[in-house]
Amino acid sequence: MGELWLAERCELGGEVVIKFIVPELQGRARSVERLAREAASAARINSPHVVRILDYGTAEDGSPFLVMEKLEGRDLDALLRERRSLEPRTVLRVARQVARALEKAHAAGIIHRDVKPSNVFLCEPEDEVIVKLLDFGIARSTTQPSGTASGTAVGTPAYMSPEQIVGSTSIDARTDVWALGVLTFECLTGRRPFPGEATGAVALAIHTLPTPRPSEVSPSLPPAVDAWFARACARS
């Protein structure tokens, strides 16, 4: 829904990223609302593990835009496509930092609703990887109406919790914990815990299949990982 431009700050110097709505969607109120929500949500979260929002406004032609810090590195999805799975030490480092971002978001009354590898960015300075959570475009405030009709599923099916994928309006922070569990399972094993080609198949798997154990796919993983995943992705 958006396109990113690299820009230079004329007075202060340095580069930033500007996000615009793609031209064919600029006239749609929902697209504008989503960009405004992304700006407001991310700006409320004070965390080094959430992409920093620098400005939000409207261009001379009426196009809304969002200014963000420029990040150096790549997203987790690109890394998984290259390696398929990651060593447990790396997964722990990534999951811990995503959890810290979510902890701050939830404390601010914000549910991300779209935690997935392409929204987890790995900044790669010389000493160690720093993780940043991106794209709060479909984030939901726990203190305001969601604006989403009951029965409408919003998010990425493979990472949705049971209540999110059926379009429940009563989801809370635990839906992000579920998504983090799915993401961690995928990073450790190279496959998703609840497979399916279509949304209906994924929903059926999420609601009916036995909860898998990471060690069934990667036998070298310790029982503690199975216990953690069972808790993160508990249906109840």
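Note that this is a predicted model, so its numbers are computed, not measured. (Residues numbered from 1 in each chain as written. Predicted model: local features only at pLDDT ≥ 70, side-chain atom pairs only at ≥ 80, totals over all residues. Heavy atoms only, no water.)

A few words now on unusual backbone geometry. The phi dihedral of R84 falls on the positive side, at around 75°, and the residue is not glycine. Its place among the elements puts R84 in the loop between α2 (76-83) and α3 (88-107). (Helix = DSSP H or I, 4+ residues; strand = E, 2+ residues; numbered from the N terminus.)

Attention now goes to the packing of aromatic side chains. For any pair of aromatic rings, the description rests on two quantities: the centre-to-centre distance and the angle between the ring planes. By the definition in use, this model includes three aromatic pairs. Relative to F194, the ring of W178 has its centre 5.4 Å away and its plane inclined at 20°; by these criteria the two rings are stacked. Here F194 lies in the loop between α5 (174-189) and α6 (199-208) and W178 lies in helix α5, a separation of 16 residues in the sequence. With a centroid separation of 4.9 Å and 50° between ring planes, the pair formed by F185 and F229 is classed as tilted. With F185 in helix α5 and F229 in helix α8 (residues 223-232), this pair connects stretches of sequence that are 44 residues apart. For the pair F185 and F229, one class covers both residues: buried. (Phe/Tyr/Trp six-rings, centres within 6.5 Å; stacked < 30°, edge-to-face > 60°. Buried < 20%, exposed > 50% of the residue type's maximum accessible area, 1.4 Å probe, protein only.)

Of all six residues making up strand β4 (residues 64-69), six are buried, and the element is well covered by its neighbours. With five bridges joining them, strand β2 (residues 15-21) and β4 adopt antiparallel strand pairing. Residue pairing for β4: F20 is matched across the bridge by F65. As paired elements, strand β3 (residues 53-58) and β4 share five bridges and run antiparallel to each other. (Pairing = 2+ DSSP bridges.)

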